[in-house]
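Observations on the three-dimensional arrangement
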Amino acid sequence: GSVKVFPHAQFTYNSYRTQVYTLAVPFDSKDNHVAGYGGLGLAYFIGESASIEVLAGYSVNDYNYFDESALRVRFGCSIFFGGE
């Protein structure tokens, strides 16, 4: 198999709204979530259409109530469909 380096970038935005109506107290809450991840990976190809991958990068999460940032390592695999 061959080994190839690849960049990875990811961005996520979510907006949530919760409404609960009770006889005692109505509840209305809004939350936004913004997240990003960027890193570099190595893909080891185990044939022409499949690879095993390791990805290392930095993750940032911003919620209304807390923030989180961390270095992360991800493992995965990919299967490629189609041809040249």
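Residues numbered from 1 in each chain as written. Predicted model: local features only at pLDDT ≥ 70, side-chain atom pairs only at ≥ 80, totals over all residues. Heavy atoms only, no water.

So, on to the side chain of S51. Relative to the helices and strands, S51 is located in strand β3 (residues 50-63). Residue class for S51 comes out buried when judged on its relative accessible area of 1%. Side chain to side chain, S51 and E53 meet in a polar contact 3.0 Å long. Not counting residues within four places of it along the chain, the set of residues in contact with S51 comprises A43, Y44, F45, I46, G76, C77, S78 and F80. (Helix = DSSP H or I, 4+ residues; strand = E, 2+ residues; numbered from the N terminus. Buried < 20%, exposed > 50% of the residue type's maximum accessible area, 1.4 Å probe, protein only. Polar contact = N/O pair within 3.5 Å; in protein donor to acceptor, adjacent residues only side chain to side chain. Contact = heavy atoms within 4.5 Å.)

This part takes up a nonpolar patch on the surface. Nonpolar side chains collect at one region of the surface, where V3, V5, L40, L42, Y44, I46, I52, V54, V73 and F75 lie side by side and expose about 1,000 Å² of accessible area between them. Taken together, the elements giving at least two residues each to the nonpolar patch come down to β1 (3-20), β2 (27-45), β3 and β4 (67-79). Per-element accounting of the nonpolar patch gives the leading share, 3 residues, to β2. Relative to the assigned elements, V5 resides in strand β1. Among the residues examined, V5 registers a relative accessible area of 59% and is labelled exposed. (Patch = residues over 30% accessible without salt bridge, like charges linked within 9 Å, V, L, I, M, F, W, Y side chains within 5 Å. Areas by Shrake-Rupley, 256 points an atom, 1.4 Å probe, with all protein chains shown as cover. Salt bridge = Lys/Arg side-chain N within 4 Å of Asp/Glu carboxyl O.)

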